[in-house]
Amino acid sequence: MNKTIVGMVLACAMLTGCGNPPPRSDATTKAADAGPDPMEAKIAALSPTLQRTTFFRAINDANYDCQNIVNVVPRGRIDGKLNWAVECNRGAQYIVELQRGGIFHVSGVPKNYR
């Protein structure tokens, strides 16, 4: 009988190590997200012409009208994300925000061209 009890205890002990790992805590997730985004360094390393081309593409991909960029002003970080104020020809103005992983979020005030 002792062998049966010892066998059951050992089987239970071995089974407790199986299964899914415990979920990550908020602190662990935030710490992983808080690290530097490698895309920031890549954007910063681009020449001004390539940066403008990148912002031009982001603006047009967001279905905003921009024929060419006339001015780019770095705005620093807002909520931990890099931002730029971008002015296109004919007065359209946009904010381009670099999301984690190299995705741009574009918002702005398109100019009425009438």
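Residues numbered from 1 in each chain as written. Predicted model: local features only at pLDDT ≥ 70, side-chain atom pairs only at ≥ 80, totals over all residues. Heavy atoms only, no water.

Novice: Account for the state of the cysteines, naming residues and giving values.
Specialist: As used in these notes, a disulfide is a covalent bond between sulfur atoms, one from each of two cysteines. Tallying each qualifying case throughout the model produces 1 disulfide. Across the disulfide, Cys66 is cross-linked to Cys88 (sulfur-sulfur distance 2.0 Å). As the torsion about the S-S bond is roughly -95°, the Cys66-Cys88 disulfide counts as left-handed. Remark: Cys88 occurs in strand S2 (residues 81-88) and Cys66 occurs in the loop between helix H4 (48-61) and strand S1 (69-78); sequence separation between them is 22 residues. (Disulfide = S-S within 2.5 Å. Helix = DSSP H or I, 4+ residues; strand = E, 2+ residues; numbered from the N terminus.)

Novice: Break down the pattern of salt bridges for me, citing the residues and quoting the values.
Specialist: Counted according to the given criterion, the structure contains 2 salt bridges. With a closest N to O distance of 2.6 Å, Glu40 and Arg77 form a salt bridge. Of this pair, Glu40 sits in helix H3 (residues 38-45) while Arg77 sits in strand S1, placing them 37 residues apart in sequence. On the basis of relative accessible area, Arg77 is assigned to the partly exposed category, the value being 48%. (Salt bridge = Lys/Arg side-chain N within 4 Å of Asp/Glu carboxyl O. Buried < 20%, exposed > 50% of the residue type's maximum accessible area, 1.4 Å probe, protein only.)

Novice: Go over the nonpolar core with me, naming the residues and quoting the values.
Specialist: Soluble globular proteins: nonpolar side chains tend toward being buried together. Of all hydrophobic cores here, the largest spans 17 residues; its most connected members are Phe55, Ile59, Trp84, Val86 and Phe104. For this core, the elements supplying multiple residues, two or more each, are H4, S1, S2, strand S3 (93-99) and strand S4 (103-109). Looking at which element gives the most residues to this core, the answer is S2, with 4 residues. When near neighbours in sequence (up to four residues on either side) are disregarded, Phe104 contacts Ile43, Thr54, Phe55, Ala58, Trp84, Val96, Glu97 and Leu98. (Core = buried A, V, L, I, M, F, W, Y, C linked by side-chain atoms within 4.5 Å. Contact = heavy atoms within 4.5 Å.)

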